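Structural overview for review
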Amino acid sequence: MVGLCGCREGKPAPAGAVGLAAEGGPAATAAAPGAVVVAWATWPMPNSTPGLPNPQSFDTQSASVVIDQVTGLMWQRNLGDKFVTFADAVQQCQELTLAGYDDWRLPSRVELVSILDVTRTQPSINVTAFPQTPNDWFWTSSVAADNPQAAWYVYFYFGYPKTDDVTNQFSVRCVRTATPRPALATRYDIQTDTVRDIGTGLTWERAVPAQTFAFDAARRYCSQLTLGGQTGWRAPSLVELLTLIDERAAVGPMIDTAAFPNTPSEAFWSSSYFGNSPGMAWQVYFDHGNGLYGLPNATFRVRCVI
């Protein structure tokens with residue numbers, strides 16, 4: 001059962017894990033026999049909140065698949081009603097033949113995060129593009145760096161990623177790369193004050209302020225920032241902030257510390273309200289990489305983006 005904290009009850013000790021690398025992604029790090037950790041996106045992160053860059057856009061002409069016109073990923077549209085273990089989820093996608101394609105795979109954490117719709121809950125997904133999506137946990141192919149017997153999932157009841165034992169049984173939505181993108185030799189263009197993510201196209205504040213902020217104050221700080229000769233900074237959306245999580249990090253902070261030195265293993269505000277309601281807002285915890293929501297008067301860190 002999941003409550004406001006986003007915690008799950010303990011589960012039995014898991015067995016072996018098998019994972020997949022996302023096509024077009026970075027060099028993978030082995031986490032267990034046949035398992036890898038996938039670290040970043042090589043496409044713009046779609047946003048479901050109106051007014052933000054790269055708005056979600058889906059081609060839904062097919063009854064069986066959905067093409068994400070921002071990421072170039074093709075998604076399984078209709079799901080079975082069976083929960084499976086992590087290893088069975090990997091196998092299910094490997095064996096899938098759908099819409100004339102047989103190169104389906106289990107999506108990575110960042111790929112599955114890309115179809116979250118943070119403006120709604122139950123489920124946190126575009127229900128026109130993905131009808132009858134259950135309010136469930138969905139496996140990803142990304143294995144936890146600190147525990148090869150655990151893997152990342154995305155919880156579509158509320159809309160956040162976290163890790164759990166591979167023996168647990170969750171839902172599955174398979175993906176394939178419809179529009180291949182070239183692999184990147186390096187992820188970040190690092191300047192003195194800013195860092196550009198070459199994959200997503202986002203430019204980030206490199207050093208974060210020492211103070212913490214309430215939700216509105218964090219957004220105000222970003223809107224007033226001038227850095228690297230640039231204005232127009234803003235607080236990142238939940239899904240944009242989740243692209244900074246480095247899945248290869250076994251301990252916090254779960255971020256590339258060469259690109260973002262001295263990042264605290266703490267919570268950082270996003271600009272996203274929980275379910276589009278101003279009563280709650282999302283933050284990302286860089287100690288474990290999961291997203292949680294809470295009251296907007298709580299004080300957390302912020303890292304601005306443009």
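See the structure printed just above.
Being a predicted model, the structure only gives us computed values, none of them experimental.

1. A closer look at the sheet that holds strand S15 (residues 291-294)
- If you trace the 3 strands from one edge of the open sheet to the other, you get S13-S14-S15, paired in antiparallel fashion. Bordering the open sheet on either side are strand S13 (267-274) and S15, each of which pairs with just one other strand. With strand direction ignored, the average angle separating the axes of adjacent strands in the sheet is 35 degrees.
- Alignment of S13 against strand S14 (residues 277-285), held across 5 bridges, turns out to be antiparallel.

2. Description of the environment of Ala-150
- With respect to the helices, strands and loops of the structure, Ala-150 is situated in strand S7 (residues 150-155).
- Among the residues examined, Ala-150 registers a relative accessible area of 5% and is labelled buried.
- If sequence neighbours within four positions are ignored, Ala-150 has contacts with Val-143, Ala-144, Asp-164, Asp-165 and Val-166.

3. Focus: the pattern of salt bridges
- For the coordinates displayed, the defined rule picks out 8 salt bridges.
- Residues Arg-187 and Asp-197 are paired through a salt bridge, measuring 3.0 Å at the closest nitrogen-oxygen approach. Of this pair, Arg-187 sits in the loop between strand S9 (175-177) and strand S10 (188-190) while Asp-197 is found in strand S11 (residues 194-197), placing the two residues 10 residues apart along the sequence. Grouping residues by exposure puts Arg-187 and Asp-197 together as buried.
- Among the ionic pairs, Arg-301 bridges to Glu-266, the shortest N-O distance being 2.9 Å. One end of the pair, Arg-301, is in the segment after S15; the other, Glu-266, is in the loop between helix H4 (238-242) and S13, and 35 residues separate them in sequence.
- A residue is classified by how much of its surface remains accessible, and Glu-266, at 32% relative accessible area, is partly exposed.

4. Overview of the state of the cysteines
- Under the defined criterion, the tally for this structure stands at 2 disulfides.
- Through a disulfide, Cys-93 is tied to Cys-174; the S-S separation comes to 2.1 Å. For the disulfide bridge between Cys-93 and Cys-174, the dihedral angle about the S-S bond is near -85 degrees, and by the sign convention the bridge is left-handed. Here Cys-93 is found in helix H1 (residues 86-94), whereas its partner Cys-174 is found in the loop between strand S8 (160-165) and S9, with 81 residues between them in sequence.
- There is a disulfide in this structure between Cys-222 and Cys-304, and the S-S distance comes to 2.1 Å. What sets the handedness of the Cys-222 and Cys-304 disulfide is the S-S torsion sign, and at about -85 degrees it is left-handed. With Cys-222 in helix H3 (residues 215-223) and Cys-304 in the segment after S15, the pair connects residues that are 82 residues apart, well separated along the chain.

Scoring rules and cut-offs
- Residues numbered from 1 in each chain as written.
- Predicted model: local features only at pLDDT ≥ 70, side-chain atom pairs only at ≥ 80, totals over all residues.
- Heavy atoms only, no water.
- Pairing = 2+ DSSP bridges.
- Helix = DSSP H or I, 4+ residues; strand = E, 2+ residues; numbered from the N terminus.
- Axes fitted to C-alpha atoms, helices over the stretch in contact; angles between N-to-C directions.
- Buried < 20%, exposed > 50% of the residue type's maximum accessible area, 1.4 Å probe, protein only.
- Contact = heavy atoms within 4.5 Å.
- Salt bridge = Lys/Arg side-chain N within 4 Å of Asp/Glu carboxyl O.
- Disulfide = S-S within 2.5 Å.

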